[in-house]
Amino acid sequence: MRRYVTAENKKWWTLGAVSVGLFVIMLDNTVVNVALPAMQRSLHMQLSELEWVVAGYALTFAAFMLTGGKLADYLGRRLIFMLGLAVFTGASLACGLAPSGGFLIGARVVQGLGGALMNPATLSIITATFPPRQRGTAIGIWAGVSAMALAIGPLVGGLLTQHVNWNWIFFINVPIGVLGLLAIPFFVDESRDTSHEQRPDVPGLVSSGIGLFALTYAFIEANNYGWTSGRILTAFAVAAVALIVFVLLERHQRLPMLDLALFRNRTFSGANTAMLFVGLAMFGTFFYVSLYMQNVLHYSPVETGASFLPMTCLIIVLAPQAGKLSDRYGSRWLVGGGMALLAVMLFYYSRLGLHESFWVILPGLLIGGVGMGLTMTPTTAAAMSSVAVDKAGVGSAVLNSARQVGGSLGIAVMGAIVASGAAGVRTPEAFLTGFHDALRVASVLALAGAIVATAAIRKTEHHHASQQPAVEAA
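For clarity, every value in this text was computed on a predicted model and none was experimentally measured.

Quick look at the overall build of the chain now. Helix and strand counts for the chain come out as 16 helices and two strands. Relative to its 474 residues, the chain shows a buried fraction of 60%. The contacts in the chain between residues at least 6 apart in sequence include a share of 83% that link residues at least 24 apart. Accessible surface, the chain: about 18200 Å² in total, of which carbon and sulfur atoms supply 67%.

Moving on, we get to helix α4 (residues 101-129). The end-to-end C-alpha distance of α4 is 42 Å, a good match for the 42 Å that 29 residues give at a rise of 1.5 Å each. Of all 29 residues making up α4, 21 are buried, and the element is well covered by its neighbours.

For the rest of this paragraph, the subject is the packing of helix α10 (residues 266-296) against helix α16 (residues 428-456). Packed helices, taken two at a time, are described by their axes: the angle between them and the distance between them. Running from N to C, α10 and α16 point in directions that differ by 160°, and their axes come no closer than 9 Å. By the criterion of interaxial angle, the relationship of α10 to α16 is roughly antiparallel. Regarding α10 and α16, the two cross each other, and that crossing is left-handed. Considered class by class, the residues forming the contact of α10 with α16 number 22 nonpolar, five polar and one charged.

Turning our attention to the environment of Val34. In this structure, Val34 sits in helix α1 (residues 10-43). With relative accessibility at 1%, the residue Val34 sits in the buried group. Sequence separation of Val34 and Phe287 is 253 residues, and the distance between their C-alpha atoms is 8.4 Å. Not counting residues within four places of it along the chain, the set of residues in contact with Val34 comprises Pro154, Gly157, Gly158, Ser290, Gln294, Pro301, Thr304 and Gly305.

On inspection of all chains with the given rule, the structure shows 13 aromatic pairs. Ring geometry for Trp168 and Phe171: centres 5.0 Å apart, planes at 80°, overall edge-to-face. With a gap of three residues between them, Trp168 and Phe171 both fall in helix α6 (residues 168-171), about one helical turn apart. On the basis of relative accessibility, which here comes to 42%, the residue Trp168 falls in the partly exposed class. One aromatic cluster in this structure is built from Phe287, Tyr288, Tyr292, Phe431 and Phe435.

What follows deals with the nonpolar core. Formed by 133 residues in total, the largest nonpolar core has its most connected members in Val32, Met39, Leu104, Met282 and Tyr292. Not counting chain neighbours up to four residues away, the residues in contact with Tyr292 comprise Leu297, Leu352, Gly353, Glu356, Phe431, Leu432 and Phe435.

Moving on: the packing of helix α12 (residues 309-329) against helix α14 (residues 358-385). Taken N-terminus to C-terminus, the directions of α12 and α14 make an angle of 30°; their axes are 7 Å apart at the nearest point. By the angle between their axes, α12 is roughly parallel relative to α14. Considering the relative orientation of α12 and α14, their crossing is right-handed. Across the contact of α12 with α14, the residue classes break down as 16 nonpolar, six polar and no charged.

For Ser350, the position within the fold is in the loop between α13 (332-349) and α14. Look at Ser350 and you get buried, because its relative accessible area is 2%. Leave out the neighbours within four places in its chain, and Ser350 touches His436, Leu439 and Arg440.

We now examine the pattern of salt bridges. Inspection of every chain in the model, using the stated rule, returns one salt bridge. With a closest N to O distance of 2.8 Å, Asp437 and Arg440 form a salt bridge. Here the residue Asp437 and the residue Arg440 both occupy positions in helix α16, the gap between them amounting to three residues, near one helical turn. What makes Asp437 partly exposed here is its relative accessible area of 29%.

With that settled, the discussion passes to α10. Over its 31 residues, α10 runs 44 Å from end to end, which matches the ideal 45 Å to within 8%, given 1.5 Å per residue. The element α10 is extensively covered by neighbouring structure, given that 25 of its 31 residues are classed as buried. The opening residue of α10 is Asn265, an N-cap whose side-chain oxygen sits 3.0 Å from the backbone nitrogen of Thr267.

A separate point is the confidence of the model for the chain. Close inspection of predicted coordinates is inappropriate for parts of the model with low pLDDT. Summing up the model confidence of the chain, the mean pLDDT is 80 and the portion of residues at 70 or higher is 89%. Contacts of residues 462-474 to residues separated by more than four positions or lying in other chains number 34 contacts, the stretch itself having pLDDT below 50.

Structurally, the position occupied by Ser207 is in helix α8 (residues 202-225). Separated by 2.9 Å, the side chain of Ser207 and the backbone oxygen of Pro203 make a polar contact. Aside from chain neighbours lying at most four places away, what touches Ser207 is Ala242, Val245, Phe246 and Leu249.

Parameters and conventions
- Residues numbered from 1 in each chain as written.
- Predicted model: local features only at pLDDT ≥ 70, side-chain atom pairs only at ≥ 80, totals over all residues.
- Heavy atoms only, no water.
- Helix = DSSP H or I, 4+ residues; strand = E, 2+ residues; numbered from the N terminus.
- Buried < 20%, exposed > 50% of the residue type's maximum accessible area, 1.4 Å probe, protein only.
- Contact = heavy atoms within 4.5 Å.
- Areas by Shrake-Rupley, 256 points an atom, 1.4 Å probe, with all protein chains shown as cover.
- Expected span 1.5 Å × (residues − 1).
- Axes fitted to C-alpha atoms, helices over the stretch in contact; angles between N-to-C directions.
- Parallel < 35°, antiparallel > 145°, perpendicular 65-115°, else oblique.
- Left-handed = near helix turned anticlockwise from the far one by under 90°.
- Nonpolar A, V, L, I, M, F, W, Y, C, P; charged D, E, K, R; others polar.
- Phe/Tyr/Trp six-rings, centres within 6.5 Å; stacked < 30°, edge-to-face > 60°.
- Core = buried A, V, L, I, M, F, W, Y, C linked by side-chain atoms within 4.5 Å.
- Salt bridge = Lys/Arg side-chain N within 4 Å of Asp/Glu carboxyl O.
- Polar contact = N/O pair within 3.5 Å; in protein donor to acceptor, adjacent residues only side chain to side chain.
- pLDDT = per-residue confidence, 0-100.

This is how it looks when you write it as structure tokens:
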């Protein structure tokens, strides 16, 4: 093995090894969406429970992401990555064996914890391994692996759901996870932040977790209990208080989980806000477009999975190229243009009817593929280039938290709009009313993200030490 791994090429082996773990996380996102109707029938789940299958994972991912980044910087990025991969693999096995909806949701929450430990470590390992001139290209490949998993996921998920059983969408994660655990010690060097004392911020973790959970719960369950019910109003109040407490704690903690000083950098703030809007606009869209295809157009799981291939294949092709362009020209107009295209796609889908053919759906998939391809890698590159290498774990954790927070809230908000539009009527026509309203709101959110990106993101000069502030070109 040593003769194939040299000092010159080891960084590329490192990229390949962490990409295996990343592949598992992203594969899980797309196979779940395709299998939702089968899960609903098999486990007799309500729509709100289906939302929790997706939102519970995203919510835990978001709540623990910052802690995962902190632990990666403090205890070692390779160690925390492997721990997260082990947790994720074990939870995948539990998901596949789930006997009830509640058990499945619980196992998905544990999966989210594993993903929260893994994901910031992948980006921080890449940032610590690659020199600035190659970092955008490496992140582009990282994003391409994500897109490849997204592309394969729906089709594989459809084939397994239709011809075997939905449980196998989780079982396939297990051998991939084991392969990653065996490969990582050989190819990934340990790295950590040695700049000063570090410790987990437990009060910050608790307050942010309570706030995000209460807010998501209020949106998802509002149509079951009523928007003005005591339960829902209490949940909104708890969310507001907990999130205010979180901000106050982070401002005054000696070693905060979220260093609010990072947001003084305009590019970092803009990139994270743009990623938040991507999650808000797109997570719920994928969730409900899958339901639309199967429950309204009567697509099979395989047909649904195959339908997403044009979009995800475009992301695979464009993501690495967008990374190279962001290295050369900056991320501002790539992100702004990409999110504007996403807004166009979402508005186009808000006009879909009861009897559309695939050829009517295809233009939206192509527009969305270009939009996502132009958006994701440059947003990531902008955020990571605006923080010092020794803060890469926390920087990547903030970015991924923004996406996951946006995703969990996006599913909850779109679910509330869909349910409100349907007004309790379970017919395709009633579903379409809420579906159209939700997509129009998502289109506005994507357009808002485009405006924020072009206003805030600037080309940033790379730097290496936390003592050196980011320098932004005018």
